[in-house]
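If you want the building blocks of each chain, they are given just below.
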Amino acid sequence: EFKTSETTDEDESDNYFPNQFTMAVGVLPTAADRPPGPALKFGGGLLYARNLTPGIAVEGGFFYYKASGEDKSTGNTVTTTMIPVVGTLRFQRHFGELWTGYLYGGLVYPWVSSSIGASARLLQQIQVLRPAVGIGTFLQTGPNWYLRMNLGYDAISVGVSLRY
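Residues numbered from 1 in each chain as written. Predicted model: local features only at pLDDT ≥ 70, side-chain atom pairs only at ≥ 80, totals over all residues. Heavy atoms only, no water.

### Observations concerning the nonpolar core
- Counting residues in hydrophobic clusters, the biggest one holds 19 residues, and the most contacted among them are Leu28, Phe63, Tyr65, Met82, Val86, Ile126 and Ala132.
- Mapped onto this core, the elements with two or more residues apiece are β1 (19-29), β3 (56-70), β4 (77-95), β5 (99-116), α2 (120-126) and β6 (130-140).
- In terms of residues, this core owes the most to one element, β5, which gives 4 residues. (Core = buried A, V, L, I, M, F, W, Y, C linked by side-chain atoms within 4.5 Å. Buried < 20%, exposed > 50% of the residue type's maximum accessible area, 1.4 Å probe, protein only. Helix = DSSP H or I, 4+ residues; strand = E, 2+ residues; numbered from the N terminus.)

So this is what it looks like as structure tokens:
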């Protein structure tokens, strides 16, 4: 392959290491309009991304958290285990040798894996497809390791990413 003046080392790195695995923790908004408990929950997640080009990646994964509180419509105490499944398209740009900024957009489905005390109506309110949009950055901390920070409608998180 020829290296032209337009080809950068980062572009070559994207070709050699197109996969990215992320472990993240952060706060996630609850899915329902009237959720049981606080509006933001602390959780963790795993994400996998595949670079389609140096500037575009497709990403999918899931987060995990528990929510508990009172169902305002029935007065019942409700406990749910949530697994929001997310799929996005990420538009990224390299800024210097260490920084990469990105914008993303896609969908998130807040799947309830288990619930205690939740009415069918509350579960219908929770399990609705919602937008996943936001911005973020990668800071390279090692040859293939990155610190990831994300600020979005679907999650505010920090994590560690490995490119391979």
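This is not the end of the story, as more comes after the structure.
### Notes on the pattern of salt bridges
- Inspection of the entire model under this criterion finds 2 salt bridges.
- One salt bridge connects arginine 90 with glutamate 59, and the closest N-O pair in it is separated by 3.2 Å. With arginine 90 in strand β4 and glutamate 59 in strand β3, the pair connects residues that are 31 residues apart, well separated along the chain.
- The class for glutamate 59 is buried, based on a relative accessible area of 8%.
- Across the pair arginine 148 and glutamate 59 runs a salt bridge, and its minimum N-O distance is 2.7 Å. Highlighted residues: arginine 148 in strand β7 (residues 145-152) and glutamate 59 in strand β3, separated in sequence by 89 residues.
- Exposure remark for arginine 148: the relative accessible area of 6% places this residue in the buried category. (Salt bridge = Lys/Arg side-chain N within 4 Å of Asp/Glu carboxyl O.)

### Concerning a nonpolar patch on the surface
- Residues Phe21, Met23, Leu46, Tyr48, Phe62, Val85, Leu107, Tyr109, Trp111, Leu129 and Tyr164 make up a contiguous nonpolar surface patch of roughly 1000 Å² in combined accessible area.
- Those elements that provide at least two residues to the nonpolar patch are β1, β2 (40-53) and β5.
- Examining the composition of the nonpolar patch, we find that 3 residues originate from one element, β5, more than from any other. (Patch = residues over 30% accessible without salt bridge, like charges linked within 9 Å, V, L, I, M, F, W, Y side chains within 5 Å. Areas by Shrake-Rupley, 256 points an atom, 1.4 Å probe, with all protein chains shown as cover.)

### Observations concerning the sheet that holds β1
- With antiparallel pairing, 8 strands are arranged side by side around a closed barrel as β1-β2-β3-β4-β5-β6-β7-β8. Within this sheet the neighbouring strands show an average axis-to-axis angle of 25 degrees, counted without direction.
- Relative to β5, β4 runs antiparallel, the two sharing 17 bridges. Note that in β5 the partner of phenylalanine 91 across the bridge is leucine 103. (Pairing = 2+ DSSP bridges. Axes fitted to C-alpha atoms, helices over the stretch in contact; angles between N-to-C directions.)

### Some details on the pairing of β2
- Of the strand pairs in this sheet, β1 and β2 are connected by 11 bridges, and their pairing is antiparallel. Bridge pairing in β2 links valine 25 to glycine 44.
- Judged from the 9 bridges that link them, β2 and β3 form a sheet pairing that is antiparallel. Looking at β3, one finds that glycine 44 is bridged to tyrosine 64.
- Between β2 and the antiparallel strand that follows it, β3, lie 2 residues.

### As for the confidence of the model for the chain
- Per-residue pLDDT for the chain averages 87, and the proportion of residues at 70 or more is 86%.
- Across residues 1-7, where pLDDT falls below 50, the model places 5 contacts with residues more than four positions away in sequence or in other chains. (pLDDT = per-residue confidence, 0-100. Contact = heavy atoms within 4.5 Å.)

### Focus: the side chain of asparagine 51
- Within the element layout of this structure, asparagine 51 appears in strand β2.
- For asparagine 51, the side chain forms a polar contact with the side chain of glutamine 92, separated by 3.2 Å. (Polar contact = N/O pair within 3.5 Å; in protein donor to acceptor, adjacent residues only side chain to side chain.)

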